[in-house]
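# Overview (structure and organization)
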Amino acid sequence: KPFVDWINSINSGWQNKIYHEPFEVYCKQAELWNQDNSDILDFDTEDEQIEWLLREIQRCKDNTLYFCNKYGYIKEDRSENGMLPYKAWDAQKVLLFLFDCGYSLMIGKARQIGFTTTMCLAGMKRVNFNKSYFIKFVTHSKDKGVEIFRDKVKWTYTKLPDVIAQEVKNWTDQ
């Protein structure tokens, strides 16, 4: 009931969103972990580097909001370097929370809310950190599917640090 009440409060308008502790804890966890600016190169010994890497991988697996805000980029031709760091908005935080909870989702979405970018980042994270996992996405045309894959999956994946990105065997756009 508290979960359903929370979802219903959001559906009636963001200004009506009520407090839902699991969601707030999830967001706070991502925020806290994102304050840790350590990098694998900050550690001198191989054991310390492995410990950092295992912790970082587990954080990414546990909290997709953390992963997206830490490692996600958006292709943006109008920006100085052609990209912007991903920063989840309220709607995207809810979406990522539901994604991590494992709920089956049917979402009616408005345009220009970053849904495709967010879901591509979330899917890319799952594929990268889980063995034998695949994602399928459906578009209204083959050309649109190739464009989305190229701009929101493939391009973004190449921005991941080498230390956490799995090797890609085949980058076919088809």
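The structure reproduced in this document is the subject of the present report.

Conventions adopted
Residues numbered from 1 in each chain as written. Predicted model: local features only at pLDDT ≥ 70, side-chain atom pairs only at ≥ 80, totals over all residues. Heavy atoms only, no water. Helix = DSSP H or I, 4+ residues; strand = E, 2+ residues; numbered from the N terminus. Buried < 20%, exposed > 50% of the residue type's maximum accessible area, 1.4 Å probe, protein only. Polar contact = N/O pair within 3.5 Å; in protein donor to acceptor, adjacent residues only side chain to side chain. Axes fitted to C-alpha atoms, helices over the stretch in contact; angles between N-to-C directions. Parallel < 35°, antiparallel > 145°, perpendicular 65-115°, else oblique. Contact = heavy atoms within 4.5 Å. Nonpolar A, V, L, I, M, F, W, Y, C, P; charged D, E, K, R; others polar. Core = buried A, V, L, I, M, F, W, Y, C linked by side-chain atoms within 4.5 Å. Patch = residues over 30% accessible without salt bridge, like charges linked within 9 Å, V, L, I, M, F, W, Y side chains within 5 Å. Areas by Shrake-Rupley, 256 points an atom, 1.4 Å probe, with all protein chains shown as cover. Salt bridge = Lys/Arg side-chain N within 4 Å of Asp/Glu carboxyl O. Lys, Arg positive; Asp, Glu negative; His and termini not counted. Charge placed at Lys NZ, Arg CZ, Asp CG, Glu CD. Phe/Tyr/Trp six-rings, centres within 6.5 Å; stacked < 30°, edge-to-face > 60°. Lys NZ or Arg CZ within 6 Å of the ring centre and 35° of its normal.

### Some points on the side chain of S79
Positionally, S79 belongs in the loop between strand 1 (73-75) and strand 2 (83-85). Residue classification places S79 among the buried positions, given a relative accessible area of 14%. Separated by 2.8 Å, the side chain of S79 and the backbone oxygen of E76 make a polar contact.

### What to know about the packing of helix 3 (residues 46-62) against helix 4 (residues 64-71)
Packing of helix 3 against helix 4 leaves a shortest axis separation of 5 Å and a crossing angle of 115 degrees. Here helix 3 is positioned roughly perpendicular relative to helix 4, judged by the angle of their axes. For the pair formed by helix 3 and helix 4, the contact residues are W52, E56, R59, C60 and D62 on the first element and T64, Y66, F67, K70 and Y71 on the second. When grouped by side-chain class, the residues that make up the contact of helix 3 with helix 4 number five nonpolar, one polar and four charged.

### Quick look at the nonpolar core
Counting residues in hydrophobic clusters, the biggest one holds 30 residues, and the most contacted among them are W6, L65, F67, Y71, L96 and L160. Mapped by element, the contributors of at least two residues to this core are helix 1 (2-11), helix 2 (21-34), helix 3, helix 4, helix 5 (90-101) and helix 6 (115-129). Each residue touching L96, except ones within four places of it in the same chain, is listed here: Y26, T64, L65, C68, Y86, T118 and A122.

### Describing a negative patch on the surface
Together, D44, E46, D47, E48 and E51 give the surface a local cluster of negative charge. Taking the relative accessible area as the measure of exposure, E46 reaches 59% and is therefore exposed.

### Describing the packing of aromatic side chains
Scanning the model with the defined rule gives nine aromatic pairs in all. Between the aromatic rings of F67 and Y71, the centroid separation amounts to 5.9 Å while the plane-to-plane angle is 40 degrees, which identifies the pairing as tilted. Remark: Y71 and F67 occur in helix 4; sequence separation between them is four residues, near one turn of the helix. Ring pairing ties together the aromatic residues F3, W6, F23, Y26, F97 and Y103, which thus form one cluster. Between R126 and the ring centre of F99, over which it is positioned, the NZ or CZ distance is 3.9 Å.

### A short note on the pattern of salt bridges
A full pass over the atoms with the stated rule returns nine salt bridges. Close ionic contact of K1 with D5 constitutes a salt bridge, the shortest N to O distance being 3.1 Å. Taking the relative accessible area as the measure of exposure, D5 reaches 29% and is therefore partly exposed. Two residues, D36 and R55, come together in a salt bridge whose shortest N-O distance is 3.8 Å.

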